Amino acid sequence: MALKAAPIWGCAIIPNSHVSSPYLGSRLFGFASKWDCCCVSVLAQRAITPLEEDQPHSPGIEFDSAGADSETTMLHKDMIQLPKPLSAIHLSSSPDDGSKVRVAYQGIPGAFSESAALKAYPKCETVPCERFEETFKAVEQCLVDKAVLPIENSVAGSIHRNYDLLLRHRLHIVGEVQLAVNHCLLGLPGVQMEDIKRVLSHPQAHAQCETTLNNLGVVRVSADDTAGAAQIVASVGLKDTGAVASSRAAEIYGLDILAENIQDDEDNVTRFLILSREPIIPGTGRLYRTSIVFTLEDGPGLLFKALAVFALRGISLTKIESRPQRKRSLRVVDDSNRGSAKYFDYLFYIDFQASMADPRSQNALGHLQELATFLRVLGCYPIDLFF
Ligand SMILES: O=C(O)C(=O)C[C@]1(C(=O)O)C=C[C@@H](O)C=C1
């Protein structure tokens, strides 16, 4: 069991009962056991002293996570799935502009998700899907090459449904797109602002334009996506109804732009993930983000310890999100003084700013494995710096 031949990248299921798992580096074992005796002093010391284990070394063989597991089976602690080595076929054979790539998105032409797909792959063929889940299935069934998925917005926050879907499906995050989202109020040609009594849009778009819509005093009606809202207004000929959507949607569906940039925050940015059947081979020549999900047993300070594995190695966390575990949402704990107590059980999603080719990431995840009951690497991908 050599460290270099057994990195953690791409493991789907890493039960902590299997400390002899071939995924783990042996250098981590003694280190993790120190937690129980003197966590705080170890933390303080490590915070200022770089860990010896984190000296650069070759990233070694990398694995994909074929067989990454679903929500249903992830709680089976004794399950280990052997990794398959990555090979050249996992590298994209398409040119950089994505001219051979088919990308699924939720919505219809003119949706922001389609713009995100086009930002990532300017010449790709975009494939509209009715629901988020269908975009996952389209990739899984090889109907398309990639899916693009909104995950969080700078004003309205996380898109929780998509966190849940990431876990339930077996796709890998291979990229991200940060898209500046400028919302417009659209109406039928000739309609004036004061004619608008109702506004149709995606709930995320309504949330991002909260102040403007409150000031207008209009009724909000939900649509599947912003472009879908524009299409309904245009096709049904609703004179008293506007749509919050993109200027592209106005052009496509023949609507007038009654107001531009109506979002609460001028710098309204949505981050999208790009999903693929195979992971990419991460490098170190640019900034990378790695996304993981894990669960922890109940216990004092466990989440603190889990997060400290990154702090100890100088790795920045860029996002933390917790979601209830659907199949195990409540934990009943016996409290001898007051009877039994019920707690919510959570999945923790974390993004950290480091490549899986960086030994610090391998070591941090090896360390996290000691604490976690379940751990999955959702993907490692270049950070999109331009929006
Ligand atoms: O409705 C659209 O146009 C979408 O692409 C969806 C979506 C989202 O779900 O966040 C994408 C970007 C904007 O934040 C608003 C809506």
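All values reported here derive from a predicted model rather than from experimental measurement.

Caption draft 1: Focus on the environment of Tyr163. Structurally, Tyr163 is set in helix 5 (residues 160-168). With 160 residues separating them along the chain, Tyr163 and Arg323 place their C-alpha atoms 8.0 Å apart. In contact with Tyr163, not counting residues within four places along its chain, are Ile151, Ser158, Lys319, Glu321, Arg323 and Tyr349. Only 2.8 Å separates the side chain of Tyr163 from the side chain of Lys319, close enough to count as a polar contact.

Caption draft 2: Main features of the site of the ligand. Close contacts around the ligand come from Ala111, Phe112, Ser113, Pro150, Ile159, His202, Gln204, Gln208, Asp225, Thr226, Thr270 and Phe272, and that covers them all. Phe112 places a main-chain nitrogen or oxygen 2.9 Å from an oxygen atom of the ligand. At 2.8 Å from an oxygen atom of the ligand is found a side-chain nitrogen or oxygen belonging to Thr270. Protein burial of the ligand: of its 360 Å² of free accessible surface, 100% is covered by the chains. Those elements that provide at least two residues to the shell around the ligand are helix 3 (112-120), helix 6 (203-208) and strand 13 (269-276). Residue composition of the shell around the ligand, grouped by class: 5 nonpolar, 6 polar and 1 charged.

Caption draft 3: Region of interest: the packing of aromatic side chains. Enumeration over the complete set of coordinates arrives at 4 aromatic pairs. Plain terms: the ring middles of Phe310 and Phe352 are 4.8 Å apart, the flat faces sit at 35° to each other, and that makes the pair tilted. Of this pair, Phe310 sits in helix 10 (residues 302-311) while Phe352 sits in strand 18 (residues 346-352), and the two are 42 residues apart along the sequence. Since its relative accessible area comes to 0%, Phe352 is described here as buried. Between Tyr346 and Phe348, the aromatic rings sit 6.3 Å apart at their centres with planes inclined by 45°, giving tilted as the arrangement. Phe348 gets classed as buried once you look at its relative accessible area, which sits at 12%. Taken together, the ring pairs connect Phe294, Tyr346 and Phe348 into an aromatic cluster.

Caption draft 4: Region of the structure containing the side chain of His367. Here His367 is to be found in helix 11 (residues 359-371). Polar contacts involving the side chain of His367 include one to the side chain of Arg313, which spans 3.3 Å.

Caption draft 5: Inspection of the confidence of the model for the chain at higher detail. On average, residues of the chain score 79 in pLDDT, and 70% of them reach the 70 mark or higher. In the model, residues 1-50 has pLDDT below 50 throughout and makes 140 contacts with residues more than four positions away in sequence or in other chains. Scored below 50 in pLDDT, residues 54-93 makes 101 contacts in the model with residues more than four places away or belonging to other chains.

Rules of the game
Residues numbered from 1 in each chain as written. Predicted model: local features only at pLDDT ≥ 70, side-chain atom pairs only at ≥ 80, totals over all residues. Heavy atoms only, no water. Helix = DSSP H or I, 4+ residues; strand = E, 2+ residues; numbered from the N terminus. Contact = heavy atoms within 4.5 Å. Polar contact = N/O pair within 3.5 Å; in protein donor to acceptor, adjacent residues only side chain to side chain. Near = heavy atom within 4 Å. Areas by Shrake-Rupley, 256 points an atom, 1.4 Å probe, with all protein chains shown as cover. Nonpolar A, V, L, I, M, F, W, Y, C, P; charged D, E, K, R; others polar. Phe/Tyr/Trp six-rings, centres within 6.5 Å; stacked < 30°, edge-to-face > 60°. Buried < 20%, exposed > 50% of the residue type's maximum accessible area, 1.4 Å probe, protein only. pLDDT = per-residue confidence, 0-100.

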